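Listed here are the chains, written in short residue letters.
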Amino acid sequence: MQICESYSQKHSLFNAMNRFIGAVNNMDQTVMVPSLLRDVPLLLEELDAGGGGGEREASLTPNGGAYCSCRDMYSHYVLLKSIRNDIEWGVLQQASEEAASRKKDKLNGGPGAVDISRGLPEDEEVEEDLEKQFHYHLSGLHTVLSKLTRKANVLTNRYKQEIGGNNWGH
């Protein structure tokens, strides 16, 4: 079912999360035997189309494509499912670690401390910058979710292609 989105809706975080979750759900329903993904590398072109980034070591395949040695399709599959679960259910373990860290900061004079160089309490400095930080992280999160959505779609299409062609991993 296609929903018509206006330009502003297309760039909303909520819709980006829904597109990502939908792509991962589709991937999860399509990949019937995840273990078949083990040791099957993604081609660099596929990874680039899927929004992959970072440093990679490339090696050539017999048919002229380049493989990414950083992860196989199974690790991408597990990563995408893990991120989907974190979005849907939250990250409970990290949240408790952050609370412990904040408590430690209070004991060490963290948020209420004064910045000697500017003479302002750190809380006031942070308040001024919250909107900028929010927009920076919102933009970054939207970009990452878009790349992960493309990666889930690429993995799904590659799985369909390989299973349909009966030449898995060759």
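Quick caveat, the model's predicted, so the values are computed rather than measured.

How each quantity is defined
- Residues numbered from 1 in each chain as written.
- Predicted model: local features only at pLDDT ≥ 70, side-chain atom pairs only at ≥ 80, totals over all residues.
- Heavy atoms only, no water.
- Helix = DSSP H or I, 4+ residues; strand = E, 2+ residues; numbered from the N terminus.
- Expected span 1.5 Å × (residues − 1).
- Buried < 20%, exposed > 50% of the residue type's maximum accessible area, 1.4 Å probe, protein only.
- Lys, Arg positive; Asp, Glu negative; His and termini not counted.
- Salt bridge = Lys/Arg side-chain N within 4 Å of Asp/Glu carboxyl O.
- Contact = heavy atoms within 4.5 Å.
- Axes fitted to C-alpha atoms, helices over the stretch in contact; angles between N-to-C directions.
- Parallel < 35°, antiparallel > 145°, perpendicular 65-115°, else oblique.
- Left-handed = near helix turned anticlockwise from the far one by under 90°.
- Core = buried A, V, L, I, M, F, W, Y, C linked by side-chain atoms within 4.5 Å.
- pLDDT = per-residue confidence, 0-100.
- Arc of directions from axis to C-beta.
- Phe/Tyr/Trp six-rings, centres within 6.5 Å; stacked < 30°, edge-to-face > 60°.
- Lys NZ or Arg CZ within 6 Å of the ring centre and 35° of its normal.

Taking 1.5 Å per residue as the helical rise, helix 2 (residues 13-30) with its 18 residues ought to reach 26 Å, and the 25 Å between its terminal C-alpha atoms agrees with that figure. Those residues of helix 2 lying buried are N15, A16, F20, I21, A23, V24, M27 and T30.

As a further point, take the side chain of D72. Assignment of secondary structure puts D72 in strand 3 (residues 66-72). Buried D72, no salt bridge; nearest opposite-charge side chain is R38, N-O distance 6.0 Å. Ignoring sequence-local partners within four residues, the contact set of D72 consists of L37, R38, D39, V40 and P41.

Next up on the list: the packing of helix 2 against helix 4 (residues 73-89). Axis separation between helix 2 and helix 4 bottoms out at 10 Å; the angle between their running directions is 135 degrees. Taken together, helix 2 and helix 4 sit at an angle that is classed as oblique. Every pair of crossing elements has a handedness; the one defined by helix 2 and helix 4 is left-handed. From helix 2, M17, F20, I21, V24, N25, M27 and D28 reach across to helix 4, where they touch Y77, L80, K81, I83, R84, I87 and E88.

So, on to the nonpolar core. Formed by 18 residues in total, the largest nonpolar core has its most connected members in F20, M27, V31, L37, L80 and L155. If you list the elements that add at least two residues to this core, you get helix 2, helix 4 and helix 6 (122-165).

Once that is clear, we can look at the pattern of salt bridges. Evaluation of the coordinates by the stated rule reveals 3 salt bridges. For R84, the salt bridge identified is with D28, shortest N-O distance 3.7 Å. Here R84 is found in helix 4, whereas its partner D28 is found in helix 2, with 56 residues between them in sequence. On the basis of relative accessible area, D28 is assigned to the partly exposed category, the value being 24%. Residues joined by salt bridges that share partners form a network here, namely D28, K81 and R84.

It is worth spelling out the confidence of the model for the protein at this point. For the protein, per-residue confidence averages 74 on the pLDDT scale, and 55% of positions sit at 70 or higher. The element-level mean pLDDT for the protein is lowest in strand 2 (residues 58-60), coming to 39, with helix 2 highest at 96. For residues 51-69, every residue scores under 50 in pLDDT, and the model assigns this stretch 35 contacts once sequence neighbours within four places are set aside.

Right, let's talk about helix 4 for a bit. Relative to the 24 Å expected for 17 residues at 1.5 Å per residue, helix 4 spans 24 Å between its end C-alpha atoms, a close match to the ideal helical length. Within helix 4, the full set of buried residues consists of M73, H76, Y77, L80 and R84. Buried positions in helix 4, seen along its axis, are confined to an arc of 105 degrees and lie on one side of it. Count one or two residues on from helix 4 and you reach G90, which has phi positive near 90 degrees.

To continue, consider the packing of aromatic side chains. On inspection of all chains with the given rule, the structure shows 1 aromatic pair. A cation over an aromatic ring shows up here: R38 above the ring of Y74, its NZ or CZ 3.9 Å from the ring centre.

What follows deals with unusual backbone geometry. Unlike most non-glycine residues, D39 shows phi in positive territory, near 60 degrees. Locating D39 in the fold gives a position in the loop between helix 2 and strand 1 (41-43). In this structure D39 comes out as exposed when scored by relative accessible area, which is 70%.

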